[in-house]
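A structural walkthrough
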Amino acid sequence: MPLFSAKLDYALRAVLDLALQPPDKACQSRDIAARQNIRGPYLDQILAVLKREGIVRSIRGAGGGYTLARSPGRIRIGEIVRAVVGDHLLVGGSNGVLDPGAAGSVYVVRQFEEEIESKIADILDQSTVADLASKKQRLDDSLSYMTGL
């Protein structure tokens, strides 16, 4: 299963969508789903996970919907990934401590996998939703500039 599954892709897009809205404006899931071309019921499941993990919050009543639980600069991409994918990004949970002497090849490969996973986790934890929002804004700005030519 790839790390960036459809579920994670949708979660990141939904959080980015919320980050691009005015901070005091709650968005209904059906509006996010329409803007991001995500099936509504599937997005509702993802938003429930993100809410449980404290990444988004829901507001009930008229004018209700979803907002980010914190500012985009305080939400790490790694938090979203772990909420959707779990703690092990590439390597499944370890089946106990491996003995380097008894299973040399298995040990070396597992150590390599864990090193790669650690590096990916570091990159994800250094990136924030604000970083993605900034990239999206720059893309929008460059596209609007190009249409004016």
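So, a few notes on the structure that sits alongside this text. Not measured: the values here are computed from a predicted model.

1. A few points about the overall build of the protein
Counting secondary structure elements, the protein contains 6 helices and 2 strands. Tracing the protein from N to C terminus, the helices and strands come up as α-α-α-β-β-α-α-α. Taken across its 149 residues, the protein has 32% of its residues classed as buried. In the protein, 65% of the contacts between residues at least 6 apart in sequence involve partners at least 24 apart. Counting every atom, the protein has about 9300 Å² of accessible surface; 54% of that belongs to carbon and sulfur.

2. Considerations on the nonpolar core
One finds V15, L50, I55, V56 and I80 to be the most contacted residues of the largest nonpolar core, which totals 33 residues. When residues of this core are traced back to their parent elements, those giving at least two are α1 (6-19), α2 (29-36), α3 (40-52), β2 (65-68), α4 (77-85), α5 (104-126) and α6 (129-147). When near neighbours in sequence (up to four residues on either side) are disregarded, L50 contacts A11, V15, I55, V56, I80, A83 and V84.

3. Here we look at the pairing of β2
Summarising the sheet, strand β1 (residues 56-59) and β2 pair through 4 bridges and their orientation is antiparallel. Across the sheet, the residue bridging to S58 is Y66, located in β2.

4. Things to note about the environment of A33
For A33, the location among the structural elements is in helix α2. For the pair A33 and L43, spaced 10 residues apart in sequence, the C-alpha separation works out to 6.7 Å. The residues touching A33, leaving out its near neighbours within four places in the chain, are I38, G40 and L43.

5. Regarding unusual backbone geometry
Positive phi values are uncommon outside glycine, yet N37 reaches one of about 55°. Relative to the helices and strands, N37 resides in the loop between α2 and α3. Its relative accessible area of 68% is what places N37 among the exposed residues.

Each value, and the rule that gives it
Residues numbered from 1 in each chain as written. Predicted model: local features only at pLDDT ≥ 70, side-chain atom pairs only at ≥ 80, totals over all residues. Heavy atoms only, no water. Helix = DSSP H or I, 4+ residues; strand = E, 2+ residues; numbered from the N terminus. Buried < 20%, exposed > 50% of the residue type's maximum accessible area, 1.4 Å probe, protein only. Contact = heavy atoms within 4.5 Å. Areas by Shrake-Rupley, 256 points an atom, 1.4 Å probe, with all protein chains shown as cover. Core = buried A, V, L, I, M, F, W, Y, C linked by side-chain atoms within 4.5 Å. Pairing = 2+ DSSP bridges.

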